[in-house]
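Overview (structure and organization)
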Amino acid sequence: MEQAETIVFRQMRAGDIAAVQAIEAECFTNPWSIQAFADEMKNPQAVTFVAESGGRICAFINARIVLDEVYINNIAVTMAWRGRGIGFALLGEFERALPEFVTFITLEVRAGNMPAQGLYRKSGYTQVGIRREFYTEPPEDAFLMTKYMEKNKEGERS
Ligand SMILES: CC(C)(COP(=O)(O)OP(=O)(O)OC[C@H]1O[C@@H](n2cnc3c(N)ncnc32)[C@H](O)[C@@H]1OP(=O)(O)O)[C@@H](O)C(=O)NCCC(=O)NCCS
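Let us look at the structure shown here. (Residues numbered from 1 in each chain as written. Predicted model: local features only at pLDDT ≥ 70, side-chain atom pairs only at ≥ 80, totals over all residues.)

Before going further, it helps to spend a moment on the nonpolar core. Among the nonpolar cores identified, the biggest contains 28 residues, and Phe 49, Val 50, Ala 59, Phe 60, Ile 61, Ile 72 and Leu 90 are the most heavily contacted of them. Breaking this core down by element, the ones donating at least two residues are helix H1 (17–27), strand E2 (46–53), strand E3 (56–66), strand E4 (69–77), helix H3 (86–97), strand E5 (104–110) and strand E7 (140–148). Once residues within four sequence positions are removed from consideration, Val 50 is found in contact with Arg 10, Met 12, Asp 16, Val 20, Ile 57, Ala 59 and Phe 60. (Core = buried A, V, L, I, M, F, W, Y, C linked by C-beta atoms within 7 Å. Buried ≥ 20, exposed ≤ 12 C-beta atoms within 10 Å, placed from the backbone. Helix = DSSP H or I, 4+ residues; strand = E, 2+ residues; numbered from the N terminus. Contact = placed C-beta atoms within 7 Å.)

Below is the structure:
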């Protein structure tokens, strides 16, 4: 297990792409390529945040902003850093950095991915639907989860 160090949360830079793609390849059966992440950096709708410790990238989150909606493509924490609050902290930092006009966030998660579902529920997301056989490699249903930002801001004020 890695030693505890200060974690920095920030936007992905070009120099992070190889490390981010390595985490992607470690975590997913059909990973995005280096080129796909490079293309994200040129896409004005794309946002990719990383968590960095001691100069090493240990997690990332990638999303798209379309009008007032955010769609989270992916969040991943490298194996050695899991279970230490980094996913939760990264998602929170990402949400706080979103523009004020964003009203809700949506995502899909594998029906059997309990760690990710736990992370999303803890972060205020609720399941609003199922997409049958959404995933391949292996085939699996997706749970559609959503979080309304205005409601949360009002919740914080009350
Ligand atoms: C899902 C993932 C990002 C969680 O990151 P993490 O840094 O390990 O999570 P955290 O330590 O911040 O935990 C936050 C919450 O997630 C849930 N969680 C995390 N690991 C869990 C596990 N092994 N089993 C069950 N719930 C878990 C818990 O609800 C936890 O809150 P708690 O500690 O108060 O119980 C990480 O497991 C991962 O990268 N998985 C592979 C990639 C992936 O599946 N991404 C999601 C795609 S939709």
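Still more to cover.
Attention now moves to the site of the ligand. Among the 20 residues in the neighbourhood of the ligand, the closest are listed as Arg 82, Gly 87, Phe 88, Pro 115 and Gly 118. If you list the elements that add at least two residues to the shell around the ligand, you get E4, H3 and helix H4 (114–122). Residue contributions to the shell around the ligand peak at six residues, all from H4. Counted by class, the shell around the ligand contains 11 nonpolar, six polar and three charged residues. (Near = placed C-beta within 6 Å. Nonpolar A, V, L, I, M, F, W, Y, C, P; charged D, E, K, R; others polar.)

The subject of this paragraph is the sheet that holds E3. If you walk across this open sheet you meet the seven strands as E1-E2-E3-E4-E5-E7-E6, and the pairing is mixed. In this open sheet, the two strands that pair with only one neighbour each are strand E1 (7–11) and strand E6 (126–135). Adjacent strand axes in the sheet meet at a mean angle of 25 degrees, parallel and antiparallel pairs treated alike. Bridge analysis of E2 against E3 gives eight bridges, and the strand direction is antiparallel. What sits directly across from Glu 52, in E3, is Ile 57. Where H1 meets the sheet, its contacts fall on E2, E3 and E4, and the angle it forms with E3 comes to roughly 90 degrees. (Pairing = 2+ DSSP bridges. Axes fitted to C-alpha atoms, helices over the stretch in contact; angles between N-to-C directions.)

This part covers the packing of H1 against helix H2 (residues 34–42). Closest axis-to-axis distance for the H1/H2 pair is 9 Å, and the angle between their directions is 125 degrees. Put simply, H1 runs oblique to H2. As H1 runs across H2, the sense of the crossing is right-handed. Between H1 and H2, the residues in contact are Ile 17, Ala 18, Val 20 and Gln 21 and Ile 34, Phe 37 and Ala 38, respectively. Along the lines of polarity and charge, the residues of the contact of H1 with H2 split into six nonpolar, one polar and no charged. (Parallel < 35°, antiparallel > 145°, perpendicular 65-115°, else oblique. Left-handed = near helix turned anticlockwise from the far one by under 90°.)

Next up on the list: the pairing of E7. Bridge count for E5 against E7 is seven bridges, and the pairing is antiparallel. Bridging across to E7, Ile 105 finds its partner in Lys 147. Examined bridge by bridge, E6 and E7 share six bridges and lie antiparallel to one another. Counterpart to Gln 127 in the pairing with E7 is Met 145. Between E6 and E7, which pair antiparallel in sequence order, lie four residues; one of them, Glu 137, sits at a positive phi of approximately 50 degrees.

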